Amino acid sequence: MKPKKIGISCYPTVGGSGVVATELGKQLASRGHEVHFITTEIPFRLDDKVYPNIFFHEVEVNQYAVFKHPPHDLSAASKLAEVIRTHELDFLHVHYAVPHAVCAILAKQMSGREIKIMTTLHGTDITVLGFDPSLQPLIRFGIEQSDCVTAVSHDLVRQTKELVETTKTIETVYNFVDEDVYYPKPVEGLAAHYGISKDERVLIHISNFRPVKRILDVLKSFSLILKKTKAKLLLIGNGPELPIARQYIKEHGLEKHVLVLGNQKHIAELLSMSDVMLLLSEKESFGLVALEAMACGVPVVGTAIGGIPEVIEDGESGYLVPVGDVEAVADRVLRLLQDQTMHQRFRERGLKRVKHEFYSQRIVSEYERLYEKMLQED
Ligand code: GMT
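Residues numbered from 1 in each chain as written. Predicted model: local features only at pLDDT ≥ 70, side-chain atom pairs only at ≥ 80, totals over all residues. Heavy atoms only, no water.

One number sums up the size of the second largest pocket: a volume of about 570 Å³. In terms of lining, the second largest pocket is formed by 24 residues, of which the most central are Val187, Ala191, Ser272, Met273 and Asp275. Secondary-structure elements contributing two or more residues to the lining of the second largest pocket are helix 7 (190-193), strand 8 (201-206) and helix 14 (340-357). Broken down by element, the lining of the second largest pocket gets its largest block of residues, four residues, from helix 14. Residue classes in the lining of the second largest pocket are distributed as nine nonpolar, eight polar and seven charged. (1 Å grid on protein atoms, 1.4 Å probe; cavity = no way out; pocket = protein on both sides within 12 Å on 5 of 7 lines; lining within 4 Å. Points joined across faces, edges and corners; volume = space filled by probe spheres on them. Helix = DSSP H or I, 4+ residues; strand = E, 2+ residues; numbered from the N terminus. Nonpolar A, V, L, I, M, F, W, Y, C, P; charged D, E, K, R; others polar.)

Below, the structure is given as structure tokens:
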């Protein structure tokens, strides 16, 4: 594809959609495109080095006392329109139907240019907001007025069509990870620094601790596992349910067994010292953390919902269990921990799967193919 000028809009802070949008922007820049991020903050994965053909345009949200709520979406639309005009962008790729697709549509009208808009759906905009009847028409508008719409799993395509009642074509493009960052790292001695002894197994959970992540299921499963084997649980991330988790840990005397580490930058190292990841969400359009775990050689026990079964193959690279079935979680984890040969087989199968199904170059090429198609259509 010939180099283009691409505007990207996303939520830039910690979170799967921001990670995917930023990694895609980096990959597109490395293929010669000029990438313009139009966001409220510099995306957190962009702060590691200088990227000569990546530009950042800050959406500044005014806080006037007369406005009860700061008008983020209008500020974002204005900034998008300004960048479309001044940098003569070829197209926009926005992440989330609401607000970013809607902001992009407004920006297109303001700019007076016939710019194309691609929207990628990540789940939260559909499976959480889509249940709010007052927002459904707006989500549908964002989707139907976009020139091309993608979603990160087949399940999200299905759910979007059902919840938002749209017949718009939605293409599935899976997420990917940066293979130069996510791979099994040599972490000799790291566990000891965390006070984990050689005979203890390590479980890990990474999330934003929102209710959909079902953090208590993680802790309940871990309590059952602890009855059968010596183990530590690493909790990575931050969010509204972390205090509830802390309370559970205290009430059940798990302080010595659960390490609450908050947000961490070097996730690949923490994954590389782990034996099994737990992802027990009740909603998950894809589960990027599961892919990150697999890329680091860590089998995942996840719930059989949303897009998770498209990432984890049950009994091959991980296990799938029903939501809330903590006994099944404990059973599958113990199977993996007690059979080293099986654990190794799952690990290798996962690594292979990441390389074939979710290979970054393949996914980025798929986006480029869709960009070309969109630009050629009237
Ligand atoms: O999981 C979250 O709460 C964060 C959310 C986001 O918007 O960043 O993640 C969504 O997008 C990720 C990237 O595509 C997916 O891997 C997550 O599964 C998805 N989260 C949900 O569907 C709940």
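Moving on to the pairing of strand 4 (residues 91-95). Taking burial as the measure, the five residues of strand 4 include five buried ones, the bulk of the element. Neither face of strand 4 is left uncovered, since the one carrying Phe91, His93 and His95 and the one carrying Leu92 and Val94 both have all their residues buried. Across four bridges, strand 1 (residues 5-9) lies against strand 4 in parallel orientation. Bridge pairing in strand 4 links Ile8 to His93. (Buried < 20%, exposed > 50% of the residue type's maximum accessible area, 1.4 Å probe, protein only. Pairing = 2+ DSSP bridges.)

Before going further, it helps to examine the domain arrangement of the protein chain. Taken domain by domain, the protein chain comprises domain 1 (5-175 + 359-376) and domain 2 (190-357). One C-alpha centre belongs to domain 1, the other to domain 2; they are set 30 Å apart. At the interface, 21 residues of domain 1 touch 15 residues of domain 2. Between domain 1 and domain 2, a total of about 1400 Å² is buried, with carbon and sulfur atoms accounting for 50% of that surface. (Domains from an automatic or database assignment. Contact = heavy atoms within 4.5 Å. Buried area = accessible area lost by both parts, 1.4 Å probe.)

Surveying the vicinity of the ligand reveals 18 residues, the closest of which are Tyr96, His122, Arg210, Lys213 and Glu284. The separation between an oxygen atom of the ligand and a polar side-chain atom of Tyr96 is 2.3 Å. Phe286 places a main-chain nitrogen or oxygen 3.1 Å from an oxygen atom of the ligand. In the complex, 94% of the free accessible area of the ligand, which totals 480 Å², lies under the protein chains. Here the residues of the shell around the ligand sort into four nonpolar, ten polar and four charged. Two domains each put at least three residues into the shell around the ligand: domain 1 (5-175 + 359-376) and domain 2 (190-357). (Near = heavy atom within 4 Å. Polar contact = N/O pair within 3.5 Å; in protein donor to acceptor, adjacent residues only side chain to side chain. Areas by Shrake-Rupley, 256 points an atom, 1.4 Å probe, with all protein chains shown as cover.)

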